[in-house]
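Residue strings, one per chain:
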Amino acid sequence: MTPRVKRTYGSRAARPPIPSSPPSDLYSSPPTLKRKRPLADSATVSNAPPAKKQHHTAKPPAKSQLKTRKGKEPPKQKKFTQLHFSLDTTVLRTCPLCDLSYTKGAPDDESLHKKHCVRVQRGLEWGKDEEREVGKVGVEEIATGLKLKSGVKGRIICFRPDVGGKIGAKLTTLLETIRLALSSPPLSRAVLKHSKFYLFLLPSTSNSTNTAPSARETIVGCVIAQRISTAMAVASDADLSPSGARTHMSLISVDTSTNLYVRPAPLPTPLGIPRLFVSSSHRRLGIASHLLSAAASTFILGCPLDPAKGEVAFTQPTGAGKAVLEVWGKGGVRIYEEEQRLG
């Protein structure tokens, strides 16, 4: 007789759960059963403080290691300079050689000063290009072989201001140089219309030790001669003396720094000199006297003028111009206003 097996609820097989949705033909993975963590383990985890994360700081490699890795030293950091505004220091400079005021640090001003300073000291070049156009624009050679006090010989040429080409461009540069050197206003078209230009040319040398002349020449002096109608006589020392106080009250001041006064009465005068320029390295050689004498003798064809008789006048002269006025003019040179209407 076989023993009867008694079944209990614990020995029954677990029935599969009834799905809430109809079964699908697609394959799906069986659900994972979550197991509870033992009480001892959960208590241990919850009571223990969280472990701190260790941050590992990488040390920078030594210079020797960098040198061995890359084969060269790392680039050095650039050093910067702290700049400050200097409100007490002016950037305006006045050159002692050419007397031109310019802004230091401004590229345009410094370039202008550099070119102007060379022209004022040495003059302007007169080369082959200008010489080729001499016959085309009517340039006249007034005198040649003029010996200066230094023993060098030069020549004087003359032409009208309405020339073009290379000579016209050279004339424009020369007028600008004279304007800046004398701090004078530019000549108007009305003045240039009745004017002639007289240039003194000296032969250029290739170097300081070679005195043989080259094909190039240098413009070292310029006189502009103008047709005028009237001028005023320069006051004499007797007019400025205390005994001539009544006469002194009626005089017109031209330049108080040089004590230059004129009488207001206009006198007939045919020739005026609005501009006179000689490069600084060629002064006191007689160039100004040669140019003025050439203008006085040739400005009016067939009628040479005598400055001692008051037939030549100057505009407001500088200190150096007054010295030339007194020596060359022998006390007879007059002063005139630049803008005049000719009858």
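Heads up: these notes are all about the structure in this document.

Cut-offs applied
Residues numbered from 1 in each chain as written. Predicted model: local features only at pLDDT ≥ 70, side-chain atom pairs only at ≥ 80, totals over all residues. Heavy atoms only, no water. Helix = DSSP H or I, 4+ residues; strand = E, 2+ residues; numbered from the N terminus. Buried < 20%, exposed > 50% of the residue type's maximum accessible area, 1.4 Å probe, protein only. Areas by Shrake-Rupley, 256 points an atom, 1.4 Å probe, with all protein chains shown as cover. Expected span 1.5 Å × (residues − 1). Arc of directions from axis to C-beta. Phe/Tyr/Trp six-rings, centres within 6.5 Å; stacked < 30°, edge-to-face > 60°. Lys NZ or Arg CZ within 6 Å of the ring centre and 35° of its normal. Axes fitted to C-alpha atoms, helices over the stretch in contact; angles between N-to-C directions. Parallel < 35°, antiparallel > 145°, perpendicular 65-115°, else oblique. Contact = heavy atoms within 4.5 Å. Nonpolar A, V, L, I, M, F, W, Y, C, P; charged D, E, K, R; others polar. Pairing = 2+ DSSP bridges. Polar contact = N/O pair within 3.5 Å; in protein donor to acceptor, adjacent residues only side chain to side chain.

Regarding the overall build of the chain
Logical step 1: Assigned secondary structure in the chain consists of eleven helices and 13 strands.
Logical step 2: For the chain, buried positions account for 31% of its 343 residues.
Logical step 3: Accessible surface for the chain amounts to roughly 25100 Å². Of this, 55% is attributable to carbon and sulfur atoms.

Here we look at helix α3 (residues 107-122)
Logical step 1: Taking 1.5 Å per residue as the helical rise, α3 with its 16 residues ought to reach 22 Å, and the 23 Å between its terminal C-alpha atoms agrees with that figure.
Logical step 2: Taken together, the buried positions of α3 are occupied by H113, H116, C117 and V120. What you see down the axis of α3 is that its buried residues fit within an arc of 110°, all on one side. Of the exposed residues in α3, those oriented more than 90 degrees away from the buried face are P107, D108, K114 and R122.
Logical step 3: Directly after α3, the chain includes G123, whose backbone phi takes a positive value near 95°.

Quick word on the packing of aromatic side chains
Logical step 1: Tallied over the entire structure, the rule returns one aromatic pair.
Logical step 2: Each ring, one from F159 and one from F197, has its centre 6.2 Å from the other, and the planes form 10°; the classification is stacked. With F159 in strand β5 (residues 153-159) and F197 in strand β6 (residues 195-205), this pair connects stretches of sequence that are 38 residues apart. Here F159 and F197 have matching classes, each one buried.
Logical step 3: Between K196 and the ring centre of F299, over which it is positioned, the NZ or CZ distance is 5.7 Å.

Concerning the packing of α3 against helix α6 (residues 165-182)
Logical step 1: α6 packs onto α3 with a crossing angle of 95° between their chain directions and a minimal axis gap of 10 Å. Relative to α6, the element α3 lies roughly perpendicular. Where α3 abuts α6, its residues L112, H116, R119 and V120 lie against T173, T177, L180 and A181.
Logical step 2: Across the contact of α3 with α6, the residue classes tally to four nonpolar, three polar and one charged.

Looking at the pairing of strand β4 (residues 140-147)
Every regular strand shows the same layout, with side chains that alternate between the two sheet faces.
Logical step 1: Taken together, the five bridges between β4 and β5 define a ladder with antiparallel strand orientation. Bridge pairing in β5 links E141 to I157.
Logical step 2: Counting the residues that bridge the hairpin from β4 to β5 gives five residues, and of these G151 lies at a positive phi of roughly 95°.

Examining unusual backbone geometry
Logical step 1: Not every positive phi belongs to a glycine, and D99 is a case in point at roughly 65°.
Logical step 2: Its identity is not glycine, yet K330 carries a phi of approximately 55°, on the positive side.
Logical step 3: Tracing the backbone shows K330 in the loop between α11 (319-329) and β13 (334-335).

Concerning the side chain of D255
Logical step 1: Mapped onto the fold, D255 is located in strand β9 (residues 252-255).
Logical step 2: Engagement of the side chain of D255 in a polar contact is seen with the side chain of T258, the distance being 3.2 Å.
Logical step 3: Residues within four places of D255 in sequence aside, it is in contact with L260 and P317.

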